[in-house]
Amino acid sequence: MKKRAKQLIERALSNAIQAGKISTDPIPPLVFEVPKDASLGDLATPIAMAMARTERRPPRAIAGDIAACIDDAEGWLASAEVAGSGYLNLRFHPRFWHRCVDEVLAGEHGPAAIGAGSRVLVEFVSANPTGPLTVGHGRNAVLGDSIARLLEATGHEVTREYYFNNAGRQMKLLGESVRARSLALLGAEAEFPEGGYQGDYIADIAARLVAERGAALRQETGVGVFKDAAEKSIFADIRATLERLAIKFDRYFNEDTLYADGRIDATLQELRDRDLAFDRDGAVWLRGERLGLDKDRVLVKSSGEPAYRLPDIAYHRDKLARSYHRNVLVLGADHIAEHQEVLAALRGLGYATESIHGIIYQFVTLTRGGVQVKMSTRRAEYVTVDELVDDVGSDVVRFFFLTRKADSHLEFDLDLAKKQSADNPVFYVQYAHARVCSVEKQAASQGLSFALGGDELQRLEAPEEVAVVRLLAQFGDVVEEAAAALEPHRVVFYLIDLAAEFHRFYNRNRILVDDHELATARYFLAQATKLVIADGLELLGVGAPESM
RNA sequence: GCGCCAGUAGCUCAGGGGAUAGAGCAACGGCCUUCUAAGCCGUGGGUCGCAGGUUCGAAUCCUGCCUGGCGUACCA
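Residues numbered from 1 in each chain as written. Chains lettered and ligands numbered in written order. Predicted model: local features only at pLDDT ≥ 70, side-chain atom pairs only at ≥ 80, totals over all residues. Heavy atoms only, no water.

Student: I would appreciate a short explanation of the overall build of chain A in the present structure.
Tutor: For chain A, the count of helices and strands is 19 helices and 14 strands. Taking all contacts inside chain A whose residues are at least 6 apart in sequence as the whole, residues at least 24 apart take part in 72%. As displayed, chain A has an accessible area near 24,800 Å², and 47% of this comes from carbon and sulfur atoms. If you average the places of the 65 positive and of the 80 negative side-chain charges in chain A, the two averages end up 3 Å apart. (Helix = DSSP H or I, 4+ residues; strand = E, 2+ residues; numbered from the N terminus. Contact = heavy atoms within 4.5 Å. Areas by Shrake-Rupley, 256 points an atom, 1.4 Å probe, with all protein chains shown as cover. Lys, Arg positive; Asp, Glu negative; His and termini not counted. Charge placed at Lys NZ, Arg CZ, Asp CG, Glu CD.)

Right under this line is the structure:
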């Protein structure tokens, strides 16, 4: 919708310049907004107000000149009026709306391929394989996957990647925890490690291992067998959980490969070569001040083990070497500092980091009975994604996580999600889709069939009918803007608006009326709505049920 | 102390230079002999955290302050 308006006004502006009516150079950005009050028109631009100063004329006069220069040969506009303190308000002609419905029915309503030719890596989840995915990981997973869907829908070539932290101290601790539980099952003395993982899943893994290997485990001196079993088991569980949310990755990048092929050492050496790393107290440090950080940070602990940030830097070097046009990564708010360190180190190594877009989402607050629930994976105090999906289903979980922008804290009220799931707006949107399907069934059972032959859509004259079309026409704009901003929540709010307009239309008008021409017009309006809702829900990874 | 994010209706949140600030939930009152009432219509509800500043115009941008979350680990 905005695309058409933009073409018209851009041409009007150049006409006005040629006619000597406007001299501002350069012209300020041409933006359109949908007026809150539909009586003001379908689209408005404050461009004249933005030029008032340089033109040294009242905005209304400038807007009038632009309006007079509009060359609308195809007749899309019904009017272009100057309003308020200098808005130029456009109102589309009914034939424009009919065209929009036609486009939806023909499947031509989607966003433009603004990302054509652009290769994008989306890294998300990247949870350590030390336990089940929790609510916080759920937000990450759903956000990342929906961002990837938006990018794909706008023509980007997307790779979904999970950075698998299967190296380091936490994994060792995980192995020790399993070892302790296993030996206990075999009746041997085993001290549970300090700060070890206490979840039931550890005992389950130990039980399976004992069943498989028996008493031979008592001879295991290392932790390797236990760690490998735990990693394999937990990884399988994580994958299964993600699949329940309809999330699949194209690639799992294993952290241990960075150790195996020497890239950790190579990265450290390059940092040293550039004097960005130095030794102190038996550890190797990243030189903070030179990189614009507030202090020095440990790269290699005095124990000889790299701290987490060194492999992270090496991993990002690998990503950049793969030359994606954009590198999106989804991170919890607790990783902000680390993200800044990685970016600083990369710049210090001479890399351009403009392609990296970190989406930092704020924490999920979990409340139960109005009281906040504190979570800790190690103490096994958490609510898992699996539990949520068990209780309310994948659609509700996904939709819920996407109804807030990443910057906002998200309160997940467990009581509300579990007991009153029918109040969730996801049903409101899905219901609109199901209602259209119901109308289709009803029509079929009555032996009615509809076809668009010519002017039927002209019968869509009621305000609530036009209001639905106006929203349908915005779908492409919304998806493009959501993809550009990497903000799936825009699609969520759009769908709620569209569902609301459809329900209003549905309640005020019967679709299958005796007047066949009118019934045809309404039937296809409903069809178009159904198609757009299904497309929108698909972007969110939420199903569009045919009946509810 | 420093850094990032947030503060908008009773609650949860959209809007993030532009027209009279919106939605859902909660409260109250209406609407099913007719395509799904998981719906619709109506009513009430606001110092947009506070104070300055920039601007023709500020919930929106800038500065300071207050409150909350998260960081500020030789945890990841």
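So much for the structure itself; the text now carries on.
Student: In this structure, what is going on with the confidence of the model for chain A? I would like to understand it.
Tutor: Atom-level detail of predicted coordinates should not be read off regions where pLDDT is low. On average, residues of chain A score 92 in pLDDT, and 97% of them are at 70 or above. Per-element confidence in chain A is highest for strand E4 (residues 119-123), whose mean pLDDT is 98, and lowest for helix H14 (residues 414-419), whose mean pLDDT is 70. Per the prediction output, this complex has pTM 0.95; the corresponding ipTM is 0.95. (pLDDT = per-residue confidence, 0-100.)

Student: Just to check I follow, could you spell out unusual backbone geometry for this structure?
Tutor: Trans peptide bonds make up the majority, and among non-glycine residues the majority have a negative phi. One non-glycine residue, Arg56, adopts positive backbone phi at about 55 degrees. Examined against the element boundaries, Arg56 turns out to sit in the loop between helix H2 (47-55) and helix H3 (59-68). What makes Arg56 exposed here is its relative accessible area of 76%. Phi angles above zero are rare outside glycine, and Ser126 is one such case at about 45 degrees. In this structure, Ser126 sits in the loop between E4 and helix H5 (135-153). Among the residues examined, Ser126 registers a relative accessible area of 16% and is labelled buried. (Buried < 20%, exposed > 50% of the residue type's maximum accessible area, 1.4 Å probe, protein only.)

Student: Quick question: what am I supposed to make of the sheet that holds strand E3 (residues 87-92) here?
Tutor: Strand pairing in a sheet relies on backbone hydrogen bonds, with the paired strands running either antiparallel or parallel. In space, the three strands of this open sheet follow the order E1-E3-E2, with antiparallel pairing throughout. In the strand order of this sheet, the two ends are held by strand E1 (43-45) and strand E2 (77-83), each with one partner. Neighbour to neighbour, the strand axes of the sheet diverge by 20 degrees on average, direction disregarded. Relative to E3, E2 runs antiparallel, the two being bridged by six bridges. Paired with Ser79 across the strands is Arg91, a residue of E3. Sitting on the sheet, H3 touches E2 and E3, and the angle it makes with E2 is about 165 degrees. (Pairing = 2+ DSSP bridges. Axes fitted to C-alpha atoms, helices over the stretch in contact; angles between N-to-C directions.)

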